[in-house]
Amino acid sequence: SVQNITDLSKIFYKKSVIAEVRIRAKDEIQRIFQDLALAEKIAVIEASSGDVLKLLDRMPVNLSSFLASLVGKFHANSDIIVNICRWKHTPEDVLAFIGRNAQLTAQIRIAFALLANPNTDTETAKTLLRALPARDAAHLRANALIPASIKRLISDLFPHLNDQS
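Now for a quick tour of the structure. Computed from a predicted structure; not experimentally measured. (Residues numbered from 1 in each chain as written. Predicted model: local features only at pLDDT ≥ 70, side-chain atom pairs only at ≥ 80, totals over all residues. Heavy atoms only, no water.)

## Some points on the environment of Ala102
Secondary-structure assignment places Ala102 in helix α7 (residues 102-105). Separated by 39 residues in sequence, Ala102 and Arg141 have C-alpha atoms that sit 22 Å apart. (Helix = DSSP H or I, 4+ residues; strand = E, 2+ residues; numbered from the N terminus.)

## Description of helix α1 (residues 2-13)
Between its first and last C-alpha atoms α1 spans 17 Å; for 12 residues at 1.5 Å apiece the expected length is 16 Å, and the two agree. Turning to α1, its buried residues are Ile5, Leu8, Ser9 and Phe12. Down the axis, α1 shows its buried residues gathered within 105° of arc, on one side only. (Expected span 1.5 Å × (residues − 1). Buried < 20%, exposed > 50% of the residue type's maximum accessible area, 1.4 Å probe, protein only. Arc of directions from axis to C-beta.)

## With respect to the side chain of Asp121
Inspection of the secondary structure assignment puts Asp121 in the loop between α8 (108-116) and α9 (122-130). Here Glu123 takes part through its backbone nitrogen, which lies 3.3 Å from a polar atom of the side chain of Asp121. For Asp121, the side chain forms a polar contact with the side chain of Thr124, separated by 2.6 Å. Those residues in contact with Asp121 that lie beyond four places of it in its chain are Glu92 and Ala96. (Polar contact = N/O pair within 3.5 Å; in protein donor to acceptor, adjacent residues only side chain to side chain. Contact = heavy atoms within 4.5 Å.)

## Some details on helix α2 (residues 19-35)
Side chains of residues three or four places apart in an α-helix project in the same direction, reflecting 3.6 residues per turn. Compared with the 24 Å implied by 1.5 Å per residue over 17 residues, the 25 Å span of α2 between its first and last C-alpha is a close match. Among all positions of α2, only Arg22, Ala25, Lys26, Ile29, Gln30, Ile32 and Phe33 are buried. Buried residues along α2 sit against α1, α3 (38-47) and α4 (63-73).

## Points about the environment of Ala25
Structurally, Ala25 is set in helix α2. In the structure, Ala25 is positioned 14 residues away from Ile11 in sequence and 6.7 Å away in space, judged by C-alpha atoms. Not counting chain neighbours up to four residues away, the residues in contact with Ala25 comprise Leu8, Ile11 and Phe12.

## Examining the nonpolar core
In this structure, Phe33, Ile84, Ile98, Leu115 and Leu129 are the most contacted members of the largest nonpolar core, which totals 49 residues. Here the element with the most residues in this core is α8; it accounts for 6 residues. The residues contacting Ile98, other than those within four sequence positions of it, are Val71, Ile81, Ile84, Cys85, Leu104, Thr105, Ile110 and Leu114. (Core = buried A, V, L, I, M, F, W, Y, C linked by side-chain atoms within 4.5 Å.)

## Brief notes about the packing of α4 against helix α6 (residues 92-99)
Taken N-terminus to C-terminus, the directions of α4 and α6 make an angle of 20°; their axes are 9 Å apart at the nearest point. Compared by their axis directions, α4 and α6 come out roughly parallel. Two packed elements cross with a definite hand, and for α4 against α6 that hand is right-handed. Here Ser64, Leu67, Ala68 and Val71 of α4 come into contact with α6, specifically with Asp93, Val94, Phe97 and Ile98. Taken together, the residues of the contact of α4 with α6 sort by class into 6 nonpolar, 1 polar and 1 charged. (Axes fitted to C-alpha atoms, helices over the stretch in contact; angles between N-to-C directions. Parallel < 35°, antiparallel > 145°, perpendicular 65-115°, else oblique. Left-handed = near helix turned anticlockwise from the far one by under 90°. Nonpolar A, V, L, I, M, F, W, Y, C, P; charged D, E, K, R; others polar.)

## Details of the side chain of Ser9
Tracing the backbone through its elements, the reader meets Ser9 in helix α1. For Ser9, a relative accessible area of 16% translates into the label buried. Only 2.8 Å separates the side chain of Ser9 from the backbone oxygen of Thr6, close enough to count as a polar contact. Non-local contacts of Ser9, meaning those with residues more than four positions away in its chain, are made with Ile29 and Leu55.

## As for the pattern of salt bridges
Throughout the structure, instances matching the rule amount to 9 salt bridges. Among the salt bridges present, the one from Arg31 reaches Glu28, with a minimum N-O distance of 2.5 Å. With Arg31 and Glu28 both in helix α2 and 3 residues apart, the pair spans about one turn of that helix. Look at Glu28 and you get partly exposed, because its relative accessible area is 29%. Arg109 serves as the salt-bridge partner of Asp79, at 3.0 Å between the closest nitrogen and oxygen. Remark: Arg109 occurs in helix α8 and Asp79 occurs in helix α5 (residues 78-86); sequence separation between them is 30 residues. Judged by relative accessible area, which is 40%, Arg109 ranks as partly exposed. (Salt bridge = Lys/Arg side-chain N within 4 Å of Asp/Glu carboxyl O.)

Written out as structure tokens, the structure reads:
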């Protein structure tokens, strides 16, 4: 089933495949993933470095505990942590849990992924932004992936950047 998901994801990402087939491939990935045992779900996430999360819209009931256990298991795999941070369905409590871990947030990719996710709470975002050099904050503010709420926080926390526009 890991191979099926891999094959289906190749179909989904191939732009030359018509939209209807790509949508069916994504739906099939959802179905297969939902039917997997917990250990198999973890194996699929590990095998895909967490990329499979982008293709999932239907969530397990215990999503927060599932993702928190993934963070614990894969804390040394920054690709998986980044994908958890980027995923639009990651709950605020999981993002805050990651955001409180200085070892994880010391990695700029993880901090950036947290700041790019609109589900990241304000306190976590403020903590991450305060740890950034002004130069990095200026780059974040100019990035299209950063939510407007985070850009406003950057303007509040780094008022001198407003003069350099």
